[in-house]
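Below, each chain spelled out in residue letters.
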Amino acid sequence: MVHVIHPVANGLRTDHPVPGLPFINDERLPLDNPDAIERTGRNQGDGLWGRTDSLRDGGWVAFTTEPKNRAYAWAVHHHPEHGRTVLLIHDRDMSDLHHDWMYGHSGFLYRHGGYWWDGTTWHRPGQVLDRAFEHYDPRPVRAATTVTAADLLAQPATPDNAHVSKIADFTAPKTPLPNWRDHLALWAQQRHRLPAPQPLDQCVVDLRAPELEPARLVDRAGLAKIAGIALNDLPHPERGRRHLPPPQVDAPDGPRWSARSGGT
């Protein structure tokens, strides 16, 4: 089963913000120099690390522990066409995300518990393993619609109600920001500082699809029915979470899964 990385914040200069997450001031991060990102953490002291690698398509990835807040690490993915993704992640997840971006054959943007975008098409979470090639078969999402920053900002938002966090005293929130569109509007305001910002209609934020509509998601009982097992045999979402497929939504009354994400 695919291990899904949960980012905790967006870098302010990312092109593809993750919904619900705060924005962090990333001005100290040399985003145009992957070697310098690596050197920020690599061999700089106990508990610090960094790495960079080139991608086959001409892009690159770079990672570094954040020296001012060592529980977290910066992860940067640079795509020659689609711009850059700047995420703050838990430091312990650095090697897993590096593997996914380098060798996972599962795109570079992840949403809704493992749905992924390769720059053209949205795909369902990896569940069907092709053992001959040692990767999961890509399964396109039917009737998927890509949601951009321009789409979301077509609705009213109040950037004055948002703020940009600082890394030194940052603690990852346990729930999504309730007024995230206001934070997105503040992020958009800041983009004039970039030398060549990605247009907002090319900044991918999310996807919509019939199989992700709330009414079509299933609870634990529905998941057990799909798996063909008794509800009592299904791992508990708190004590056995790693043995369950990543949920598409963490609802107040429990996780919800797409009936299609684990099927064909």
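How each quantity is defined
The numbering scheme is per chain: residues are counted from 1 as the chain's sequence reads. Owing to the predicted nature of the model, reporting of local features is limited to residues with pLDDT of at least 70; listing and counting of side-chain atom pairs is limited to 80 or more, with chain, interface and lining totals taken over all residues. The basis for every side-chain value is the complete set of heavy atoms in the structure, and neither hydrogens nor water enter the calculation. Note on conventions: DSSP H or I runs of at least 4 residues are helices, E runs of at least 2 residues are strands, and numbering of each starts at the N terminus. Any Lys or Arg side-chain nitrogen found within 4 Å of a carboxyl oxygen on Asp or Glu counts as a salt bridge. For every residue, the accessible area (1.4 Å probe, protein chains only) is compared with the maximum for its type, and the residue is labelled buried under 20%, exposed over 50%, or partly exposed between those bounds. The contact definition used throughout considers only heavy atoms, calling two residues in contact when any of these lie within 4.5 Å.

What follows deals with unusual backbone geometry. At Asn43, a residue that is not glycine, the phi angle is positive and equals roughly 60°. Following the sequence through the fold, Asn43 ends up in the loop between helix H1 (34-41) and strand S3 (50-54).

In this section: the pattern of salt bridges. Going through the model one piece at a time under the given rule, you end up with 7 salt bridges. Arg28 is the partner of Glu66 in a salt bridge, and the nearest nitrogen-oxygen pair spans 3.4 Å. Of this pair, Glu66 sits in the loop between strand S4 (60-65) and strand S5 (72-79) while Arg28 sits in the loop between strand S2 (23-24) and H1, and the two are 38 residues apart along the sequence. Arg124 is the partner of Glu211 in a salt bridge, and the nearest nitrogen-oxygen pair spans 3.0 Å. Residue Glu211 is located in the loop between strand S13 (204-208) and strand S14 (217-218), and its partner Arg124 is located in the loop between strand S9 (122-123) and strand S10 (129-130); the two are separated by 87 residues in the primary sequence. Of the two residues, Glu211 and Arg124, neither departs from the other in class, the shared state being buried.

This part is about helix H4 (residues 180-190). The buried fraction of H4 amounts to 8 of the 11 residues, a majority that puts the element mostly inside the structure. Of all the positions in H4, only Trp180, Asp182, His183, Leu184, Ala185, Leu186, Trp187 and Gln190 are classed as buried. Of the surrounding secondary structure, the elements contacted by the buried residues of H4 are strand S1 (9-11), S2, helix H3 (149-153) and S13.

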